[in-house]
Amino acid sequence: MRSGTPPLIGALRKVFVPFSVSTLAQAAALACLDAEEELLERTGHVVAERGRMAAALAGAGYLVAPSAANFLWLPLGARSAEYSGRSADAKVIIRPYGDDGVRITVGTPEENDAFLAFATGAEALRIAGM
């Protein structure tokens, strides 16, 4: 891969919009909006699964941050990395954020069940300080 000259790169950095959206991504977004019924059905499933997961985690003793997104946040503090590592050992991938907490993406019911089986197990509860 070749790189540009410093003056060219400098000029591009002045006008480049970070995290810009490609033409293909824009077309996909518009197509998605045209399929409003399907879009609402899919988002409805995410909302229902998010609620189910949050209730199960709260019932197990976790502090679950309120969410209006496609993920849940567990503020596990310094235990986040160990928790995430053990989750990966259980073949469930979550995202740790330093010593702040972990982000759990809402997936299919089967994927969410796999995470909940891990999260409500004795080892995960111990790591989480329950």
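Residues numbered from 1 in each chain as written. Predicted model: local features only at pLDDT ≥ 70, side-chain atom pairs only at ≥ 80, totals over all residues. Heavy atoms only, no water.

As annotated in an unreviewed UniProt entry, the protein chain carries the name Aminotransferase class I/classII large domain-containing protein and is attributed to Tomitella cavernea.

**Describing the overall build of the protein chain**
When helices and strands are counted, the protein chain shows six helices and three strands. Scanning the protein chain from its N terminus toward the C terminus, one meets helices and strands in the order α-α-α-β-α-β-β-α-α. The C-alpha radius of gyration computed for the protein chain amounts to 20 Å, which surpasses the reference 14 Å derived for 130 residues by more than 25%, pointing to a less compact arrangement than a globule. Judged by the C-alpha coordinates and their principal axes, the protein chain covers about 55 × 40 × 25 Å. Counting only carbon and sulfur atoms, one obtains 62% of the accessible surface of the protein chain, whose full area is about 8,800 Å². (Helix = DSSP H or I, 4+ residues; strand = E, 2+ residues; numbered from the N terminus. Rg over C-alpha atoms; globule rule 2.2 N^0.38 Å. Areas by Shrake-Rupley, 256 points an atom, 1.4 Å probe, with all protein chains shown as cover.)

**As for the environment of Asp 100**
Mapped onto the fold, Asp 100 is located in the loop between strand S2 (95–97) and strand S3 (101–105). Taking the C-alpha atoms as reference points, Asp 100 and Ala 81, separated by 19 residues in sequence, lie 9.5 Å from one another. Apart from the residues within four sequence positions on either side, Asp 100 is in contact with Trp 73, Leu 74, Pro 75, Leu 76, Gly 77 and Ser 80. (Contact = heavy atoms within 4.5 Å.)

**Here's the deal with the side chain of Glu 49**
Here Glu 49 shows up in helix H3 (residues 36–59). At a separation of 2.8 Å, a polar atom in the side chain of Glu 49 contacts the side chain of Arg 52. When neighbours within four sequence positions are excluded, Glu 49 is seen to be in contact with Val 106, Gly 107, Thr 108, Pro 109 and Asn 112. (Polar contact = N/O pair within 3.5 Å; in protein donor to acceptor, adjacent residues only side chain to side chain.)

**Comments concerning the environment of Ile 127**
Mapping Ile 127 onto the fold places it in helix H6 (residues 122–127). For the pair Ile 127 and Asp 34, spaced 93 residues apart in sequence, the C-alpha separation works out to 45 Å. In contact with Ile 127, not counting residues within four places along its chain, are Arg 79, Glu 82, Tyr 83 and Arg 86.

**Digging into the pattern of salt bridges**
For the coordinates displayed, the defined rule picks out four salt bridges. With a closest N to O distance of 3.2 Å, Glu 123 and Arg 86 form a salt bridge. Of this pair, Glu 123 sits in helix H6 while Arg 86 sits in helix H4 (residues 80–89); the two residues are 37 residues apart in sequence, bridging distant segments of the chain. For Arg 86, a relative accessible area of 33% corresponds to the partly exposed category. Among the ionic contacts, a cluster of salt bridges with common partners joins Glu 49, Arg 52 and Asp 113. (Salt bridge = Lys/Arg side-chain N within 4 Å of Asp/Glu carboxyl O. Buried < 20%, exposed > 50% of the residue type's maximum accessible area, 1.4 Å probe, protein only.)

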